Amino acid sequence: MNIPRFFRERSLEAYLWPSILAAVIIVSLVFTVYKSDKYEKKVFFFPALHSRSLQGEQRFLPAANDPEKSIHEYVKGLLLGPADISLDMLFPEGSRINSLLHREKTLYVDMNSEVLKESPNSLSLEEQFAALTKGLEYNYRSIEKIIFSIEGRPIEFSRVSAVDER
């Protein structure tokens, strides 16, 4: 067997480090491709500034295998407010989720008492929760019933249609 002189004059150590480097690069590429975060598109509904109309804002949230975690991230994103400066916050600043449970086709959402503070927009509390409901039902089709509470006390609203949905 005739081995070229280039390979005969090199020792095993000369190939070891380039081989290790190549292996590390290949492994990192594989993890980058297969481990990359997946995102799902969600629509958030916020009131337009100085108006009662709701407008949709698309965002990408990290995909979650657990629907409850996905819904929790959606509501947290909604409470942070819109990215578009022509839209207004839906709930007062400081509003937070105390707990969120998704059981079968029912969603239970408990909020802190900050939601009762003066609204940053012209929507009533009932209309704010109707906008939240609209976003949840639009993005999560499996939800059939949503039960809201504030500091553990259930709140009930009739279906709101007073919000102008353009």
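Above this text you will find the structure in question.
Residues numbered from 1 in each chain as written. Predicted model: local features only at pLDDT ≥ 70, side-chain atom pairs only at ≥ 80, totals over all residues. Heavy atoms only, no water.

**Q** Which residues make up the overall build of the protein, and what are the values?
**A** Across its full length, the protein carries four helices and seven strands. Mapped in sequence order, the helices and strands of the protein form the string α-α-β-β-α-β-β-α-β-β-β. The proportion of buried residues among the 166 residues of the protein is 34%. Considering only residue pairs separated by 6 or more positions, the protein has 61% of its internal contacts joining residues 24 or more positions apart. Surface exposure of the protein reaches about 11,200 Å², of which carbon and sulfur atoms provide 56%. (Helix = DSSP H or I, 4+ residues; strand = E, 2+ residues; numbered from the N terminus. Buried < 20%, exposed > 50% of the residue type's maximum accessible area, 1.4 Å probe, protein only. Contact = heavy atoms within 4.5 Å. Areas by Shrake-Rupley, 256 points an atom, 1.4 Å probe, with all protein chains shown as cover.)

**Q** Kindly report on a nonpolar patch on the surface, identifying the contributing residues and their values.
**A** A cluster of nonpolar side chains, namely L16, W17, I20 and V24, defines an oily patch on the protein surface of about 420 Å² accessible area. Relative to the assigned elements, V24 resides in helix α2 (residues 12-35). (Patch = residues over 30% accessible without salt bridge, like charges linked within 9 Å, V, L, I, M, F, W, Y side chains within 5 Å. Salt bridge = Lys/Arg side-chain N within 4 Å of Asp/Glu carboxyl O.)

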